Each structure stands twice: as structure tokens, then as C-alpha cells.
Amino acid sequence: MTRATKPSPAGGQPFKMYREIASWWPLLSSPSDYEEEAAFYLRTLLRGCEREPRTLLELGSGGGNNASFMAPHFEQAVLVDLSPAMLAVSRQLNPRCEHVEGDLRTVRLDRRFDCVFVHDAVTYMLGESDLRQAMETAFVHCNPGGAALFCPDHVRETFEPSEDHGGHDSPTGLRALRYLEWTWDPDPSDSTYTVDYAYLMRSDDGSVRVEHDRHLEGLFPRADWLRWLEEAGFRAERVPFDHSELEPGTYELFLGRKPSV
Ligand SMILES: C[S@@+](CC[C@H](N)C(=O)[O-])C[C@H]1O[C@@H](n2cnc3c(N)ncnc32)[C@H](O)[C@@H]1O
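Cut-off values and rules
- Residues numbered from 1 in each chain as written.
- Predicted model: local features only at pLDDT ≥ 70, side-chain atom pairs only at ≥ 80, totals over all residues.
- Heavy atoms only, no water.
- Pairing = 2+ DSSP bridges.
- Helix = DSSP H or I, 4+ residues; strand = E, 2+ residues; numbered from the N terminus.
- Axes fitted to C-alpha atoms, helices over the stretch in contact; angles between N-to-C directions.
- Contact = heavy atoms within 4.5 Å.
- Near = heavy atom within 4 Å.
- Polar contact = N/O pair within 3.5 Å; in protein donor to acceptor, adjacent residues only side chain to side chain.
- Areas by Shrake-Rupley, 256 points an atom, 1.4 Å probe, with all protein chains shown as cover.
- Nonpolar A, V, L, I, M, F, W, Y, C, P; charged D, E, K, R; others polar.

(A) Representation of the sheet that holds strand β1 (residues 55-59) within the structure. The seven strands are arranged β3-β2-β1-β4-β5-β11-β10 in an open sheet whose pairing can be described as mixed. Either end of the sheet is taken by a strand with one partner, and the two such strands are β3 (98-101) and β10 (235-242). In this sheet, neighbouring strand axes are inclined to one another by 20° on average, regardless of whether the strands run parallel or antiparallel. Examined bridge by bridge, strand β5 (residues 142-150) and strand β11 (residues 250-257) share four bridges and lie antiparallel to one another. Looking across to β11, one finds that F150 is bridged to F254. Sheet contacts for helix α6 (residues 222-232): β5, β10 and β11; angle to β10, the most-contacted strand, approximately 140°.

In C-alpha cells, the structure reads:
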């Protein structure tokens, strides 16, 4: 069943995390935490391709943490994100990648890539039309014989309310961040859930600032994921990913192979 959907606000939601707080991103989500999962994403994409891939497009690449492990395996990597502030963070980490500001629902680069990767930015697709647009963007940028991988944080069938916390210290000085992440679903009859974040940000002078940031995220049943990928032109496969050493639960990823004929 397709649930009631909400359109995403044009230009994205006004998240503090990707705007005024973006320079704190590496202390919220450290690149080193991504090594294991990035290796799994890379293996899955390689398995989906008919021949050795040479080019990578990441849609919604954020601070570029996954890209820092994945891009070195490709001759060319292009990273697209809606947020200029997050692109600036990623440029520091991935100076050899090309960075492009764009909306993953509508961006058109007039180029094709062997692999298209859409990590957790896909959770900001709030309704069927947003998610189908993201799949279409991946399809038009994917070479025949190539593959696209989508990594939602949850699917409808396994969604559970949860909480998490974390953060990191800067290698020098007092600058540090800690966060609380609180995931809940105010209305299980629609295609979204809510994630409330509280950030404690300590500056080098020892002062601490507190911010609340609410993210609205999308939630879709497996069958919709698979059907919409097939309708976009991919051969779709569900890929379970047990990431439990780092975070509780099993993720469900979606691999789309673009047929070569
Ligand atoms: C959690 S961050 C991604 C972090 C990334 N996985 C990494 O490895 O660093 C989510 C990103 O999605 C981006 N985003 C949200 N909606 C978008 C859209 N419609 N088009 C492009 N990027 C989008 C945000 O700007 C943000 O940078």
C-alpha cells in the first residue's frame, strides 16, 4: 500500500546540521566511522556492475565521509549536494573529487557514471514523487551495465522508535560536539517520521552552545522501493546489511542494475 505522502519543501528543509552547524559535521560524524560501511557499499556496487567500474557519482554526498573511502577506487568521482556548507566540508576531505551543488531530485549533469551512490540523503525524500525523482536522477546518470545503490535509514516494515548519542573531540584544543538523536513517528499512517537532534557544541574557549534540530525523513515499504526502482528502469534487489557493530539493527539497501541492452 502506498501511504499518504508529503512533498519535500523546495530547496530542502531548513536543517541547522547542513547549514549554520555544517562546519561542526566532522565532530558529529567522523570520517573514520565510515570505513567499514563504505567498504560494504563499494563491494555491493562492484557486484552490481557488469564490468569493472571507473566512475562514481554520489548524490547527497554531505560531508563526503563515505566518498573519502570510496572515491580512491575510481578514476573519477563527482559529489553532488544541496548544501554549499556541506560541500565546503567535503572539499576539505576530498580535494580530488569534483563537487557540484544540486538537488538530487532534479540535477542533470549530462554525463553518465558506472556507479551511482545515494547514501542517507535519500531519507530526505518524503513522498513517492520525491523518491521516484531520485531514482530517475540515478537512472539517467547511470551507464548501461552499471549500478545504483540507495541506503535508506529505515524501511516501513522494520521501523522502531529509537535513540542514539555520540560525538567527537577535535584533535587539538577544546572544540568538541556531543549529540542526542531521538527517532519517532508521530503519524504511522503517512510516509514520514521525525528525528529530533540536540547538539552540545563546545568551542575552544570552553563555552558550550545548545541547539535543537528537527529532521523530517521518509519511510517506505520494501515493495514500493523495489517496484519504483523497476519502473525507473533498474533491475532491483534488496540488500540486507548488518551494521550492528556500529549501530543497532539491520539496514536494508536497494541495488538497481541498469541493463546494458
Ligand atoms: C547525513 S548528510 C550525508 C552524509 C554523507 N553520507 C557522508 O558520507 O558524509 C545528508 C546530506 O543530504 C543532503 N540533502 C538533503 N536533501 C537533498 C537533496 N534534495 N538533494 C541533494 N542533497 C540533499 C544534505 O544537504 C546533507 O548534506
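Having seen the model, we can carry on.
(B) How the structure looks around the site of the ligand. Neighbouring the ligand are 23 residues, the closest being N66, D81, L104, H119 and D120. Take G63: an N or O atom from its main chain is 3.4 Å from an oxygen atom of the ligand. At a separation of 3.0 Å, an oxygen atom of the ligand approaches a polar backbone atom of N66. In isolation the ligand has 600 Å² of accessible area, and contact with the protein removes 96% of it. Of the residues assigned to the shell around the ligand, the class counts are nine nonpolar, 10 polar and four charged.

The values are spatial; any link to function lies outside them.
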